[in-house]
Amino acid sequence: MLDLPSDMEEEVLSRVPVTSMGKLRLTCKKWNTLTKGESFLKKKQRNGIEVVMMVEYRVSLMSFNLLYPSIERIGILHADAIKISKISHCKGLFLCISTKDKYKEDSSRLVVWNPYMGQTRWIELPSNSTYHRWEKYAIGYEKEKKNKKHKVLRFVNEYDGISGNRICELEMYSLNSNSWKISDDFTPNWRISFKHSGLSLKGNTYWYAQERLLDHHDFLLSFDFTRERFGPRLPLPFHAFLGDTVTLSSVKEEHLAVLFQKRGAPRSVVKIWITNKIEPNAVSWSNMFLAVDMEPVIGRWFPNLAGSFFVDEEKKVAVVLGKERYKCYAPTRNIAYIIGNNGILKKVDLGESRDKGCCYPLVCSYVPSSLKI
């Protein structure tokens, strides 16, 4: 290896699995420096599609081959056997919300994970915070000229069914200062359903949201981590109603994609759009990326807890996650559907569905980062 030209040496090392990078860096100082460089990271991104996937409360790093459709697990987040209930991604870092015991109201814990560096960092919640079932989290960064200050957002905007009181809380955590900051000015006139997860893109996070009024006008809503505030309502290329499936994804860390499937007729067609431009205060949409009838395979719509997806814009292919059920019984298998302009290209079995409730599989795009946490 030492006799190879530097470009060839870099090419060979870029094919080493992400989860083996820690051992590779310990081999010698030269490789430790090389694997943290921008040139190496770009080569790493070209060798297939790598995503982080949550299936049955376990978070894994997966490799997808969309030319000859297949999925391979290449690493697992080891977190002391604690169940992971939600994940959020931002430029190579993952925020995982874990649950020790789903029946205890103080059991949420946060861990930031960098698969490329093989590092995890646990975050303690503020001592005066109270657990809420539908609290939401996101990870992003404050944009500066030299470096990026990563932050974690936690907020609650729901009604307590027992007391009848509305609960509005917003807190920010700084990874740089290892401290929380509480906002006293948070009473929004919109709502984000517990079914919808945020999507981080270029340091900001976006959600599918609705007005609190009865007409349920829907829109895209952003949180700007630099200004530490929510942005204006942004238009969507469709109008969804209660029960419809809407999920967000990113494309090469530059564009936002949205999946939409009606619950009413025609209910089996999945439609995907990709943005031309996306900023916290502006969005424009391209023509429809894909429209695929799922009737031949699933025979119905995706439940609105399902439909997590990612796309390969060049190959005009998308991968959508869901659960398969036998007749009308509870879901039995976790499934990845690979779809394209010609319909459903392949169905990949991700394993048995032991959880019959709300734990649908989730997927996040992955771009390696050499940031130390």
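If you're wondering where the values come from, they're calculated on a predicted model, not measured in any experiment. (Residues numbered from 1 in each chain as written. Predicted model: local features only at pLDDT ≥ 70, side-chain atom pairs only at ≥ 80, totals over all residues. Heavy atoms only, no water.)

Caption draft 1: Structural context of the overall build of the protein. Helix and strand counts for the protein stand at 5 helices and 26 strands. Long-range contacts, defined here as pairs at least 24 residues apart, represent 50% of the contacts in the protein between residues at least 6 apart. When the accessible surface of the protein is totalled, it reaches about 18600 Å², and 50% of it is carbon and sulfur. (Helix = DSSP H or I, 4+ residues; strand = E, 2+ residues; numbered from the N terminus. Contact = heavy atoms within 4.5 Å. Areas by Shrake-Rupley, 256 points an atom, 1.4 Å probe, with all protein chains shown as cover.)

Caption draft 2: Local environment of the pairing of strand β19 (residues 269-279). Direction of pairing for strand β18 (residues 255-261) relative to β19: antiparallel, over a ladder of 4 bridges. Among the inter-strand pairings, A257 is bridged to a residue of β19, identified as I274. With 4 bridges joining them, β19 and strand β21 (residues 290-293) adopt antiparallel strand pairing. Across the sheet, residue I272 finds its bridge partner in β21, namely L290. Two successive antiparallel strands, β19 and strand β20 (residues 282-285), enclose a turn made up of 2 residues. (Pairing = 2+ DSSP bridges.)

Caption draft 3: Just the packing of aromatic side chains, in detail. Taken as a whole and judged by the stated rule, the model has 15 aromatic pairs. Seen from their ring centres, F155 and F186 are 6.0 Å apart, and the 75° between their planes marks the pair as edge-to-face. Taken as a pair, F155 in strand β9 (residues 148-159) and F186 in the loop between β11 (179-183) and β12 (190-191) lie far apart in primary sequence, 31 residues in all. The pair formed by F155 and F186 is uniform in burial state, with each residue classed as buried. Measuring from centroid to centroid gives 6.3 Å for F186 and W190, while their planes differ by 65°, and the two rings are edge-to-face. Under the relative-accessibility criterion, F186 is labelled buried at 9%. What links up through ring pairs into an aromatic cluster is the set F155, F186, W190, W207, F223, F225 and F230. (Phe/Tyr/Trp six-rings, centres within 6.5 Å; stacked < 30°, edge-to-face > 60°. Buried < 20%, exposed > 50% of the residue type's maximum accessible area, 1.4 Å probe, protein only.)

Caption draft 4: Local environment of the sheet that holds strand β8 (residues 136-143). Read from one edge of the open sheet, 4 strands run β8-β9-β10-β11, paired in antiparallel fashion. Two strands in the sheet have a free side with no partner beyond their single neighbour: β8 and β11. Within the sheet, the average angular offset between the axes of one strand and its neighbour, ignoring direction, is 25°. Alignment of β8 against β9, held across 8 bridges, turns out to be antiparallel. Bridging from a neighbouring strand, G140 pairs with K151 of β9. (Axes fitted to C-alpha atoms, helices over the stretch in contact; angles between N-to-C directions.)

Caption draft 5: Focus on the pattern of salt bridges. This model, assessed by the stated rule, comprises 12 salt bridges. With its nearest N and O atoms 3.2 Å apart, the salt bridge here joins R154 to E169. With R154 in strand β9 and E169 in strand β10 (residues 166-174), this residue pair connects regions lying 15 residues apart in the sequence. You can call E169 partly exposed: its relative accessible area is 23%. Salt-bridge contacts for K315 lead to D312; the nearest nitrogen and oxygen are separated by 3.7 Å. Here the salt bridges share partners, and the residues they tie into one network are E135, R154, E169 and E171. (Salt bridge = Lys/Arg side-chain N within 4 Å of Asp/Glu carboxyl O.)

Caption draft 6: The arrangement of the environment of V319 in detail. Take V319: it is sitting in strand β23 (residues 317-325). Of the residues examined, V319 reaches a relative accessible area of 0% and is grouped as buried. Each C-alpha atom, one on V319 and one on K346, is 9.5 Å from the other, the two residues being 27 residues apart in sequence.

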